[in-house]
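Examination of the molecular architecture
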Amino acid sequence: MVGRTVRIAPSILSADFARLAEEVSRVEKAGADWLHIDVMDGHFVPNLTVGPPIVEALRKVTTLPLDVHLMMTNPDAFIAEFAEAGADYLTVHVETCPHLHRTVQSIKERGVRAGVTLNPATPAVMLSEIVRDADLILIMSVNPGFGGQKFIPSSLQKIAEVRGLIDRTHSHALLEVDGGVKPDNADAILAAGADVLVAGSAVFSGDDYAAAITALRAGYESAARTARTAAAR
Ligand SMILES: O=C(CO)[C@H](O)[C@H](O)COP(=O)(O)O
Ligand SMILES: [Fe+2]
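Calculation notes
Residues numbered from 1 in each chain as written. Chains lettered and ligands numbered in written order. Predicted model: local features only at pLDDT ≥ 70, side-chain atom pairs only at ≥ 80, totals over all residues. UniProt positions renumbered as here; feature names shortened; annotations may be inferred. Helix = DSSP H or I, 4+ residues; strand = E, 2+ residues; numbered from the N terminus. Rg over C-alpha atoms; globule rule 2.2 N^0.38 Å. Buried ≥ 20, exposed ≤ 12 C-beta atoms within 10 Å, placed from the backbone. Contact = placed C-beta atoms within 7 Å. Arc of directions from axis to C-beta.

Going by what an unreviewed UniProt entry lists, the chain is known as Ribulose-phosphate 3-epimerase and is assigned to Nitrospira defluvii. The annotation that UniProt attaches to the chain under Sequence similarities (unreviewed entry) is "Belongs to the ribulose-phosphate 3-epimerase family."

The following block contains the structure:
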């Protein structure tokens, strides 16, 4: 992990939606690397959030890469709209894509980076045939649908397993982790192999967004130190 770049992606799910542009500007100034946008359809997950118009609106107020997480039953029907709205990454769930290879190609054909994600109960092996085509693999460490949930501890083993798969197959995909990520578990998540940490409540629940982002990133220093110590033994 030494030398790996860590990216922090605040999830706007926990932002104040009445002041969304201001919230985005604050996290951008606070050092965020990406902006994570959770799209929920009230069908695949028991919650409703935002769609392409919000992605389009945010595209006009930030230069941060827009990392759009599609928690919807039929993502194929909306790929063109989200691409036109200005998404940089479109991430689909394997549980909702019977023709995952086609879906990934259709995202990439539109000049958007393609992400593939797994629910907590879906095994890592589901990625084996798509890992080389994906630009991003997202491991859900809570059951999708809500912010502010507790990190599921067994996710650490899955993160390590998927890190191994990415490295073994020489995939260029980044490994992202979403759900219950906090400063006190960021080091373990990064040590297990994550490149990108999504954080909603950890960033937006306090007043000091920069301190929260710095605290999440500090996990990298700690994980890198542990790796260096282990390598020196
Ligand atoms: O995809 C999501 C939920 O389905 C969110 O990105 C995630 O839950 C972020 O919130 P928190 O960091 O508070 O857990
Ligand atoms: Fe998400």
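Counting its secondary structure elements, the chain contains eight helices and eight strands. Relative to the globule expectation of 17 Å for 233 residues, the C-alpha radius of gyration of the chain, 17 Å, shows essentially globular dimensions. Each principal axis of the C-alpha distribution contributes one length, and for the chain these read about 50 × 45 × 30 Å. In the chain, which comprises 233 residues, the share counted as buried stands at 45%. Sequence separation of 24 or more characterises 65% of the internal contacts of the chain that already satisfy a separation of 6 or more.

As a further point, take helix H1 (residues 20-29). Residues Glu-23, Val-24 and Val-27 constitute the buried set of H1. Along the axis of H1, the buried positions cluster into a sector of 100 degrees, meaning they face one direction only. When the buried face of H1 is taken as reference, the exposed residues oriented beyond 90 degrees from it are Ala-21, Glu-22 and Lys-29. Phi turns positive one or two residues past the end of H1, at Gly-31, with a value near 105 degrees.

Attention now goes to the UniProt feature "active site" (unreviewed entry) in the chain. Per the UniProt record, "active site" (unreviewed entry) is annotated on Asp-38 and Asp-178. Taking the farthest pair of C-alpha atoms as the criterion, the annotated set spanning 141 residues converges on one region, since that pair is 10.5 Å apart. Mapping Asp-38 onto the fold places it in strand E2 (residues 35-40). Look past the residues within four positions of Asp-38 in its chain and what remains in contact with it is Ser-11, Leu-13, Thr-49, His-69 and Met-71. Within the fold, Asp-178 resides in strand E7 (residues 174-178). The residues contacting Asp-178, other than those within four sequence positions of it, are His-69, Leu-138, Met-140, Ser-141 and Val-198.

Let us now look at the UniProt feature "binding site: a divalent metal cation" (unreviewed entry) in the chain. Under the UniProt annotation, "binding site: a divalent metal cation" (unreviewed entry) lies at His-36, Asp-38, His-69 and Asp-178. For the annotated residues, spread through 143 residues, the largest C-alpha to C-alpha distance comes to 10.5 Å, consistent with a single compact locus. You can call Asp-38 buried: it has 24 C-beta atoms within 10 Å. When neighbours within four sequence positions are excluded, His-69 is seen to be in contact with His-36, Ile-37, Asp-38, Val-39, Thr-91, Leu-138 and Asp-178.

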